[in-house]
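# Fold and geometry: a report
One letter stands for each residue in the lines below.
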Amino acid sequence: MYELLFWQYQDGIYLNHHLVYEALVEQQEVTGLEELPVTVILNRINKLFSQWEKVDDNSWKNNKGKGAFQIKTTPQSIQIDCYGTEGKIMNQLVDALAEFNCPLYDPQVPERYDEMSE
């Protein structure tokens, strides 16, 4: 599994990314983060991956190739767990969230890909 996590800081707020990640994975609210339009984001992903089999409300499977992913949400975050998903597909997910000003935090590295630095 490869994990991708997305959130948006409020203007002027900048926190330790890894501590934010840990709190969001535990479904905790984090002061300083924006609430996301979760339904709109899920609709966008659903549209992007309309050719994939939708296994349930939050899971997609590629029946024409490798990969699957599952999405977990909080009001402040989108977590995408990728299973055998190619990098090109993960980049599509990253680009989709960038449309909502939610840069990627990659906990495997760990690094957040935005213009700010710790």
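Everything that follows concerns the structure shown earlier in this document.
If you're wondering where the values come from, they're calculated on a predicted model, not measured in any experiment. In this convention, every chain numbers its residues from 1, walking through the sequence in written order. Totals for whole chains, interfaces and linings use all residues, but because this is a predicted model, local features are given only for residues with pLDDT of at least 70 and pairs of side-chain atoms are given and counted only at 80 or more. Excluding hydrogens and water, the side-chain values take into account all heavy atoms of the structure.

### Topic: the packing of helix α2 (residues 38-48) against helix α3 (residues 87-98)
Pairs of packed helices are described in terms of their axes, by the angle between the two and the distance that separates them. To get an axis, fit a line to the C-alpha atoms, keeping to the stretch in contact for a helix; angles then go from 0 to 180 degrees between the N-to-C directions. Numbered from the N terminus, helices here are DSSP runs of H or I no shorter than four residues, and strands are runs of E no shorter than two. α3 packs onto α2 with a crossing angle of 145 degrees between their chain directions and a minimal axis gap of 10 Å. For α2 against α3, the interelement crossing comes out right-handed. Residue-level inspection shows Ile41, Ile45 and Leu48 of α2 in contact with α3, the latter providing Gln92, Leu93, Ala96 and Leu97. All residues other than Ala, Val, Leu, Ile, Met, Phe, Trp, Tyr, Cys, Pro, Asp, Glu, Lys and Arg, Gly among them, are scored as polar; the first ten of these are nonpolar and the last four charged. Classifying every residue of the contact of α2 with α3 by side-chain character gives six nonpolar, one polar and no charged. Handedness of a crossing follows from how the near helix is turned relative to the far one, being left-handed for an anticlockwise turn of less than a right angle and right-handed for a clockwise one. Contacts are assigned to residue pairs that have any heavy atoms within 4.5 Å of one another.

### Examining the side chain of Asp106
With respect to the secondary-structure elements, Asp106 resides in strand β6 (residues 104-106). Summary of the burial criterion: residues with accessible area below 20% of their type's maximum are buried, those above 50% are exposed, and those between are partly exposed, where the area comes from a 1.4 Å probe applied to protein chains only. Here the positive residues are Lys and Arg and the negative ones are Asp and Glu; neither His nor the chain ends is included. A carboxyl oxygen of Asp or Glu within 4 Å of a side-chain nitrogen of Lys or Arg is what we treat as a salt bridge. Among buried charged residues, Asp106 stands out as having no salt bridge; its nearest opposite-charge side chain is Arg112, 12 Å away. A distance of 2.5 Å separates a polar atom in the side chain of Asp106 from a polar atom in the side chain of Tyr2. With sequence-adjacent residues up to four places away left out, Asp106 is seen in contact with Tyr2, Glu3, Glu111 and Tyr113. N or O atoms within 3.5 Å of each other form a polar contact, as long as, within protein, one can give a hydrogen and the other can take it, and as long as residues adjacent in sequence are counted only when both atoms are side-chain atoms.

### Looking at α3
For α3, with 12 residues, the first-to-last C-alpha span of 16 Å sits near the 16 Å given by 1.5 Å per residue. Buried within α3 are the following residues: Ile89, Met90, Leu93, Val94, Ala96 and Leu97. Along the long axis of α3, the arc covered by the buried residues comes to 160 degrees, so they all point the same way. To estimate how far a helix should reach, multiply one less than its number of residues by 1.5 Å. To be clear, the arc concerns the directions from the helix axis to the C-beta atoms.

### A word on the state of the cysteines
Put simply, a disulfide is two cysteine sulfurs that come within 2.5 Å. Under the definition given, this model contains zero disulfides. Left unpaired, Cys82 is separated from the closest cysteine sulfur, that of Cys102, by 16 Å.

### Side note on a nonpolar patch on the surface
Two distance rules govern patches: like charges are joined within 9 Å, and nonpolar side chains (Val, Leu, Ile, Met, Phe, Trp, Tyr) within 5 Å, applied only to residues with over 30% relative accessible area and no salt bridge. What sets the accessible areas is the Shrake-Rupley method with a 1.4 Å probe; for residues, cover comes only from the shown protein chains. Together, Tyr2, Val109 and Tyr113 make up a nonpolar patch on the protein surface, roughly 270 Å² of accessible area in all. Mapped onto the secondary structure, Tyr113 falls in the segment after β7 (111-112).

### Observations regarding the nonpolar core
Within this scheme, the nonpolar core is defined by two criteria: the residues are buried Ala, Val, Leu, Ile, Met, Phe, Trp, Tyr or Cys, and they are joined through side-chain atoms within 4.5 Å. Within the largest apolar cluster, 24 residues are counted, with the highest numbers of intra-cluster contacts made by Phe6, Ile45, Phe69, Ile78, Ile80 and Leu97. Of all the elements in the fold, those that place two or more residues in this core are β1 (2-6), α2, β4 (68-74), β5 (77-83) and α3. A per-element tally of this core places α3 first, with six residues. In contact with Ile78, other than residues within four places in its own chain, are Leu4, Leu5, Phe6, Leu36, Val38, Ile41, Ile71, Lys72, Thr73 and Leu97. Of all hydrophobic cores here, the second largest spans 10 residues; its members include Val20, Ala23, Leu24 and Val30.

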